[in-house]
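Descriptive analysis of the structure
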Amino acid sequence: MLIYEAHHFDYISNYHTLDLNFPSHLHRGFELLFLVDGEMEVIISQKSYHLKTGQFLLILPYEIHSFITRTHSRANICIFSPDYVPTFQRMIENSSLENPVFNLSLEANTLISRTLFKDNPNLLEQKASLYLLLSELMRQTSLIKSEKQNPELLHKLLTYIQDHFTESISLKSIAGTLGYSYNYLSKYFNTNISMSFVDFLNETRVNYACYLLIYTEKNITEIAFLCGYESIRSFNRNFIKIKLCTPKEYREKQPQSFMDLYPLETGIYQELK
């Protein structure tokens, strides 16, 4: 399963998590994670990193990542727009971090804890803290150049799917709407998402079906059509393939997993107040 978060534009969001497990997802913003306590495995672009208490980790925009807690973890997370750090954004263009895990000096840690992981209306102080953090990160790692990418196309493509997945859409129709050739868009999608358009569309529809099964009393046939399927047979086949049970069995289990119900929800973590 791959989730696309279309928000995180032009602002900073702070979250705290407990025993965080979350499937593969991506977004336009940077994601800074500070592990307050415990251990966590973070997978970024199919590479695994083991995070220990007191360590920081930075995920770059549009990097596919997931979180795994096997025993216990408590973490602070700050997601911030590239618009907050334009100089650094230009530095990392078409690059990845050799190692996204890093430590901060005591002085930097004190400042950043005061400004980034709590609500703070002082925008200048927030931006200064981010640049200090990024400076310390770059002293401990290096950049690895990659092929030229088009991240804004990725955002445009995934947002379109998110807005229209309940309709009868295809990659060919999307290519025509966005003004790209089908062959180019198909190769681009497979390269950047690491799954086919059809699989991604089906997972998006099935996730929406899970929400409807739990939080509405609509019958399964009605849900199938509301999710964009033209036949109940196709809906059942794809639902079983992805969730390993029938829609009826899923409803009877009444799972309350936030992971299963996303992407209908607007946030993936509990926001700090």
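Residues numbered from 1 in each chain as written. Predicted model: local features only at pLDDT ≥ 70, side-chain atom pairs only at ≥ 80, totals over all residues. Heavy atoms only, no water.

**As for the overall build of the chain**
Scanning the chain for helices and strands turns up 11 helices and 12 strands. Out of the 273 residues belonging to the chain, those deemed buried represent 49%. Put simply, of all contacts in the chain between residues at least 6 apart along the chain, 72% involve residues at least 24 apart. For the chain, the exposed area adds up to about 13,500 Å²; of that, 51% sits on carbon and sulfur atoms. (Helix = DSSP H or I, 4+ residues; strand = E, 2+ residues; numbered from the N terminus. Buried < 20%, exposed > 50% of the residue type's maximum accessible area, 1.4 Å probe, protein only. Contact = heavy atoms within 4.5 Å. Areas by Shrake-Rupley, 256 points an atom, 1.4 Å probe, with all protein chains shown as cover.)

**Overview of helix H4 (residues 151-164)**
At 3.6 residues per turn, the α-helix brings residues three or four places apart onto the same side. When the terminal C-alpha atoms of H4 are compared, their 20 Å separation across 14 residues agrees well with the 20 Å that a helix rising 1.5 Å per residue should span. Of all the residues in H4, the buried ones are Leu153, Leu154, His155, Leu157, Leu158, Thr159, Tyr160 and Ile161. (Expected span 1.5 Å × (residues − 1).)

**Looking at the pairing of strand E3 (residues 22-27)**
Across the 6 residues of E3, 5 count as buried, placing the element largely inside the fold. One ladder, built from 3 bridges, connects strand E1 (residues 3-5) with E3; its direction is parallel. Paired with Tyr4 across the bridge in E3 is Leu26. As paired elements, E3 and strand E7 (residues 65-68) share 2 bridges and run antiparallel to each other. When the sheet's bridge partners are listed, His25 is paired in E7 with His65. (Pairing = 2+ DSSP bridges.)

**Here's the deal with the side chain of Asn76**
Note on placement: Asn76 falls in strand E8 (residues 73-80). Other than its neighbours up to four places away in sequence, Asn76 contacts Tyr15, His16, Leu32, Leu33, Phe34, Val36 and Phe117.

**Describing the packing of aromatic side chains**
Under the definition given, this model contains 14 aromatic pairs. Three or more aromatic residues joined by ring pairs form one cluster here, namely Phe34, Phe56, Phe102 and Phe117. The ring of Tyr84 is capped by Lys127, whose NZ or CZ atom sits 5.3 Å from the centre of that ring. (Phe/Tyr/Trp six-rings, centres within 6.5 Å; stacked < 30°, edge-to-face > 60°. Lys NZ or Arg CZ within 6 Å of the ring centre and 35° of its normal.)

**Some points on the environment of Cys227**
Note on placement: Cys227 falls in the loop between helix H8 (220-226) and helix H9 (232-243). For Cys227, a relative accessible area of 0% gives the class buried. For the pair Cys227 and Thr166, spaced 61 residues apart in sequence, the C-alpha separation works out to 4.8 Å.

**Quick notes on the confidence of the model for the chain**
For the chain, per-residue confidence averages 86 on the pLDDT scale, and residues scoring 70 or more make up 89% of the total. A low-confidence stretch, residues 256-273 stays under pLDDT 50, and its non-local contacts, those more than four residues away or across chains, total 54 contacts. (pLDDT = per-residue confidence, 0-100.)

**Examining the pattern of salt bridges**
For the coordinates displayed, the defined rule picks out 5 salt bridges. The partner of Asp83 in a salt bridge is Arg28, and the shortest N-O contact between them spans 3.4 Å. With Asp83 in the loop between E8 and helix H1 (86-91) and Arg28 in the loop between E3 and strand E4 (30-44), this residue pair connects regions lying 55 residues apart in the sequence. Close ionic contact of Lys218 with Glu222 constitutes a salt bridge, the shortest N to O distance being 3.8 Å. Relative accessible area serves as the criterion here: at 30%, Lys218 is assigned to the partly exposed category. Residue Glu222 is classed as partly exposed on the basis of its relative accessible area, which comes to 36%. (Salt bridge = Lys/Arg side-chain N within 4 Å of Asp/Glu carboxyl O.)

**Overview of the environment of Tyr11**
With respect to the helices, strands and loops of the structure, Tyr11 is situated in the loop between E1 and strand E2 (12-18). For Tyr11, a relative accessible area of 30% corresponds to the partly exposed category. Excluding residues within four positions of it along the chain, Tyr11 makes contact with Ile79, Phe80, Ser81 and Tyr84.

**With respect to unusual backbone geometry**
Here Asp19, not a glycine, exhibits a phi torsion of approximately 50°, which is positive. Residue position: Asp19 is located in the loop between E2 and E3. Since its relative accessible area comes to 33%, Asp19 is described here as partly exposed. Positive phi, normally seen in glycine, also occurs at Leu244, with a value near 60°. With respect to the helices and strands, Leu244 occurs in the loop between H9 and helix H10 (247-253). A relative accessible area of 74% places Leu244 in the exposed class.

**A short note on the packing of helix H5 (residues 171-178) against helix H6 (residues 182-193)**
Contact geometry for H5 and H6: axes closest at 9 Å, N-to-C directions at 110°. Of the possible angle classes, the one that applies to H5 and H6 is roughly perpendicular. Seen along the crossing, H5 lies across H6 with a hand that is right-handed. Counted together, Leu171, Lys172, Ile174 and Ala175 of H5 and Tyr182, Leu185 and Ser186 of H6 form the full contact between these two elements. Of the residues in the contact of H5 with H6, the class split is 5 nonpolar, 1 polar and 1 charged. (Axes fitted to C-alpha atoms, helices over the stretch in contact; angles between N-to-C directions. Parallel < 35°, antiparallel > 145°, perpendicular 65-115°, else oblique. Left-handed = near helix turned anticlockwise from the far one by under 90°. Nonpolar A, V, L, I, M, F, W, Y, C, P; charged D, E, K, R; others polar.)

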